[in-house]
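This is what each chain is made of:
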Amino acid sequence: MNFELTSTPEQETFRAEVRSWLDEHAPPDMEHPADPGQLTPGGYKKQRQLGRALGKKGWLYPTYPSEYGGGGLSAEEALIIEQELDRHGFTLPPYYDSGGKLGAASIMVWGTEEQKAAFLPPIFRGEVRTWQLLTEPEAGSDLANVQTTAHREGDEYIINGQKIYVGSTHGAEMSWMLVNTHPGGPRHQNLSWFMVPMDSPGVTWAPMDLLFAGNERGAASGHKQTVYFENVRLPAFNLIGGENNGWRVAATHLELEHGLMQTSLRGDSLWERVVRLYKEDKSGGTPLMDCPDAPNLLADMYIDSQIGRLFHLRNYWLQSTGRPVTYHGPQAYLHVKRSALRTAKALHRLFGPYALTTDQEVGLEDGHVEVQQRGSIVAQHPGGTVEIQKVIMARRLGIGRGEPQKSGRLK
Amino acid sequence: MDLALTQSQEMLLAAARGMVEREYSKENLLLLESGDTDLAETLWQKTAAAGWPGILVPTKYGGEGGSLTDAAVLLQELGRAPAPGTFFSTAVLGVLALMEGGSEEQRDAVLPKIAFGENRIALAATESRYGWSKSLTLTRATASHGGYLLHGVKLFVQDAANADLLLCTARMGDGEVGLFLVDASLPGVSVRPLPGFVSDTFEIKLNNVEVPQASLMPGGRDALEQAILQSLPVLGAYQVGACERVFDMTLDYANTRIQFGLPIGRFQRVQDHVIQIVNLKDAARWTTYEALWKLDESKPDAATAVHVSAAVASEAYYQSCNAAHEVHAGLGIMREYGLTLHTRMSRTLYHYLGDPTHHKVRLAAELGL
Ligand SMILES: Cc1cc2nc3c(=O)[nH]c(=O)nc-3n(C[C@H](O)[C@H](O)[C@H](O)COP(=O)(O)OP(=O)(O)OC[C@H]3O[C@@H](n4cnc5c(N)ncnc54)[C@H](O)[C@@H]3O)c2cc1C
């Protein structure tokens, strides 16, 4: 065994190339607000500029085929890009984009050659960012219950309905969505999956007022939106995977969203902040709070972060070596969600009310500690609740059924 | 043995519930959260008009002369909302501090005003190193012109927005910690709200504030300690009421939200969360009400019961909110739904007057461990 991620000399050369390119091209004045709802339009624009520059080199979505605008690179090379971006405090992509991470995977598996050629390159080159429109008032965990309808008229589909808890601040050029194309039809065989230009007449959206402005993994979304569809006309070309086959198309990206998409081999920046706070308080003479349990709490936090790191390392290894992956994605995701709540409690016990305020003078780490208090609650729900992660794990393990359930198609 | 409320307590509870539902409605609380100060004032006046601020004020000062358990019944209903802390800071902690530590002159001057809703009080005790033991007081009281100069910074003061008076701790020339009743409108006092995931939390700067000799409370810091001990289970009752409301919301949602063709309450994982809340809330309720009874009956081991209840109630409110969020998923994090009003309050009350760790340390000491 070897737990170290080692690189070949060629990979080290690649790393040096990425590093010097980033030193030259990564704008130094990128915004990193603790609260993602506070990213300004200017800050968003810079993220997109960097995205387009990365896209030109094939580094925005490195592992997708170069014929569609991806980089055609290996998982190891993609990880190198991600690690180097992390040194500058960015994720890959450097802005919130469900298209490349999730939607594109479904298009790769289920799209026709023409559809791949039309939809993928703009995403991979960073020209288009996309939202993921799944959830509805009556369809949360029970995603198959979506009520937004699409019915065909000639070469077009006409869409009506509403999606909630979706998207991000600062809009999107495209979205992909799951709709009902056969009301009253059999469950799982009545859905279809569409690509939607967001400037289509009849599409409108409005921000939701939530406890925290988004807390999915990867680049932060900012404010989630309600998106309305009123007689929105789409070319039939935008239907991916065929009519009433949408559930299987969705199974591909859901598989990834349930814990497989994030390499999470980046450093734990919150941990570093907390240790710094704790040590500086000590050496500065006055701990922020009387807390007899401090070493214990910090040790628990450290242990949680180690388990999280190893679950993700294992998943990366399983995937990159072509080994079967079953319950492992949801397991890692479950750990991320659960440990976030434990960490929130530990920080509150360590720093008392200091952990709760964003005040410039009194708050900690420019609001990053306060944000974790709210964000950890919100983080329990996206990409499937804690209970749903367990439901999937149970099915994949065959608990009570004997026969383990197959995972969604990734290839 | 009789674990029921008295008939008059039941009547008080029913009246309080109606009033709280009307005045401290979710809609009003969301407005308060967004900083509607006029509404805060209006609601306080209505609370005062109901005579509630005098619940613990002895009759000779114009109050009701109620027991701690009486006050707890009121607080329990305020907690359901969850109403702002002004009532607790003034009518519970403030009144008890005056009774325990005030001079006869101070009581005469202030208690009637509290009973009539004309004075509000905030406790300005905690400072840069947060905690509830007196060793942490750095604010200085220097003798000057027959009075004192107060100088220092109070951090994480609750409910200071409209306070007329501050209960302020300060270190005296002899090193002891004194307790002052300070007019909040004096020159040198500045009050600043702290933003974030907190409820009505402030920083108060005391910049060489000149206070008269008569503002020193003879009972000192020890009297404050006694007042806090008596107040804790009354605050616990607020947390019990809050847990009850969180439970009601969650049970209702588990029964009405349909996914996969079933009320989500039919899923055992969801049942687990609801059962956790009911267990937390009942543990908080009975530890709290026993502590109140022991204080009202002057039982020798009352302090032990207080620390048990304080540790249990703060933890119960915090964890009940977490469990409620699990059951509500997306809906629960929408501000307009109202659950986050509780979540926010549960965080503030988790450390206020000592977090569970603090009370467990004190409990161990009471138990001679
Ligand atoms: C920050 C954030 C970002 C999001 N981003 C997106 C996005 O980009 N796109 C998008 O489409 N959606 C998004 N969502 C929506 C998210 O996917 C849903 O909130 C989530 O799937 C839960 O749905 P719900 O909120 O309707 O809860 P419900 O499904 O109503 O769940 C309520 C409770 O019932 C439980 N439950 C339901 N079914 C079962 C079962 N079978 N067994 C056991 N328990 C069950 C749940 O676990 C939960 O405790 C986001 C949500 C958040 C909070």
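Residues numbered from 1 in each chain as written. Chains lettered and ligands numbered in written order. Predicted model: local features only at pLDDT ≥ 70, side-chain atom pairs only at ≥ 80, totals over all residues. Heavy atoms only, no water.

Engineer: For this particular structure, what's the right way to read the pairing of strand β4 (residues 174-180) of chain A?
Structural biologist: Consecutive side chains along a regular strand alternate between the two faces of the sheet. All names here are of chain A. With seven of its seven residues buried, β4 lies for the most part within the structure. Residues Met 174, Trp 176, Leu 178 and Asn 180 point to one face of β4 and Ser 175, Met 177 and Val 179 to the other, with burial holding for every one of them. Sheet topology places β4 next to strand β5 (residues 191-197); seven bridges connect them, and they run antiparallel. Residue pairing in the sheet places Met 174 in a bridge with Pro 197 of β5. (Buried < 20%, exposed > 50% of the residue type's maximum accessible area, 1.4 Å probe, protein only. Helix = DSSP H or I, 4+ residues; strand = E, 2+ residues; numbered from the N terminus. Pairing = 2+ DSSP bridges.)

Engineer: What should I look at first to understand the packing of helix α1 (residues 9-25) of chain A against helix α3 (residues 75-87) of chain A in this one?
Structural biologist: A pair of packed helices can be characterised by two numbers: the angle between their axes and the separation between those axes. Residues and elements named next belong to chain A. It is the contact of α1 with α3, at a shortest axis distance of 10 Å, that shows an interaxial angle of 35 degrees. Viewed along their axes, α1 and α3 form a crossing whose handedness is right-handed. Taking contact as the criterion, the partners of Gln 11, Phe 14, Arg 15, Val 18, Arg 19 and Leu 22 in α1 are, on α3, Glu 76, Glu 77, Ile 80, Ile 81, Gln 83, Glu 84, Leu 85 and Arg 87. (Axes fitted to C-alpha atoms, helices over the stretch in contact; angles between N-to-C directions. Left-handed = near helix turned anticlockwise from the far one by under 90°. Contact = heavy atoms within 4.5 Å.)

Engineer: I'm lost on the pattern of salt bridges in this one. Help?
Structural biologist: Close approach of charged atoms allows side chains with opposite charge to pair. Under the defined criterion, the tally for this structure stands at 42 salt bridges over all chains. In this structure, Arg233(A) engages Glu156(A) in a salt bridge whose closest nitrogen and oxygen atoms are separated by 2.7 Å. In this pair, Arg233(A) is assigned in strand β7 (residues 225-235) and Glu156(A) in strand β3 (residues 156-166), connecting sequence segments 77 residues apart. For Glu156(A), a relative accessible area of 29% translates into the label partly exposed. With a shortest N-O distance of 2.8 Å, Arg335(B) and Asp209(A) are connected by a salt bridge. Of the two residues, Arg335(B) is situated in the loop between α9 (302-328) and α10 (339-351) and Asp209(A) in the loop between β6 (203-207) and β7; the pairing between them involves two chains. On the accessibility criterion, Asp209(A) (46% relative accessible area) is partly exposed. Each of Glu12(A), Arg15(A), Arg19(A), Glu84(A) and Arg87(A) takes part in one network of salt bridges that share partners. (Salt bridge = Lys/Arg side-chain N within 4 Å of Asp/Glu carboxyl O.)

Engineer: So what exactly am I meant to see when it comes to the environment of Ala105(A) here?
Structural biologist: Residue and element names in this part refer to chain A. Note that Ala 105 resides in helix α4 (residues 98-110). Distance from Ala 105 to His 312, taken between C-alpha atoms, is 20 Å for residues 207 residues apart in sequence. Setting aside chain neighbours within four positions, we find Ala 105 in contact with Tyr 64, Thr 252 and Leu 256.

Engineer: Mind showing me how you'd approach the site of the ligand here?
Structural biologist: Within the structure, the ligand sits among 31 residues, and Thr135(A), Ser141(A), Thr385(A), Arg257(B) and Glu326(B) are positioned closest to it. Lying at an intersection of chains, the ligand is approached by residues of chains A and B. Here an oxygen atom of the ligand sits 2.6 Å away from a polar atom, N or O, in the side chain of Ser141(A). In the model, an oxygen atom of the ligand is placed 2.6 Å from a nitrogen or oxygen of the Arg257(B) side chain. For the ligand, the accessible surface in isolation is 960 Å², of which the surrounding protein chains cover 95%. When residues of the shell around the ligand are traced back to their parent elements, those giving at least two are β1 (130-133), β3 and α11 (386-397) of chain A together with α9 of chain B. For the shell around the ligand, the element with the most residues is α11(A), which contributes three residues. Residue classes in the shell around the ligand are distributed as 16 nonpolar, 10 polar and five charged. (Near = heavy atom within 4 Å. Polar contact = N/O pair within 3.5 Å; in protein donor to acceptor, adjacent residues only side chain to side chain. Areas by Shrake-Rupley, 256 points an atom, 1.4 Å probe, with all protein chains shown as cover. Nonpolar A, V, L, I, M, F, W, Y, C, P; charged D, E, K, R; others polar.)

Engineer: Can you walk me through the domain arrangement of chain A in this structure?
Structural biologist: Think of interface size as the accessible area that goes away when the parts come together; that is how it is often given. Examined at the domain level, chain A breaks down into domain 1 (9-124), domain 2 (130-243) and domain 3 (258-397). Taken over C-alpha atoms, the centre of domain 2 of chain A sits 30 Å from the centre of domain 3 of chain A. (Domains from an automatic or database assignment.)

Engineer: So what exactly am I meant to see when it comes to the packing of aromatic side chains here?
Structural biologist: When we look at a pair of aromatic rings, we describe it by the centre distance and by the angle of the planes. All chains considered together, the criterion is met by 18 aromatic pairs over all chains. Here Phe260(B) and Phe267(B) contribute two aromatic rings whose centre-to-centre distance is 6.1 Å and whose plane-to-plane angle is 90 degrees, an arrangement assigned as edge-to-face. On the basis of an interplanar angle of 50 degrees and a centroid distance of 4.9 Å, the ring pair of Tyr318(B) and Tyr350(B) is categorised as tilted. Of this pair, Tyr318(B) sits in helix α9 while Tyr350(B) sits in helix α10, placing them 32 residues apart in sequence. In this structure Tyr318(B) comes out as buried when scored by relative accessible area, which is 2%. Members of the aromatic cluster, each reached through a chain of ring pairs, are Tyr354(A), Phe88(B), Tyr130(B), Trp132(B), Phe156(B) and Tyr352(B). Its guanidinium or amino end placed over the ring of Tyr95(A), Arg48(A) lies 5.1 Å from that ring's centre, counting from NZ or CZ. The ring of Tyr333(A) has Lys337(A) sitting right over it, with the charged end atom 4.5 Å from the ring centre. (Phe/Tyr/Trp six-rings, centres within 6.5 Å; stacked < 30°, edge-to-face > 60°. Lys NZ or Arg CZ within 6 Å of the ring centre and 35° of its normal.)

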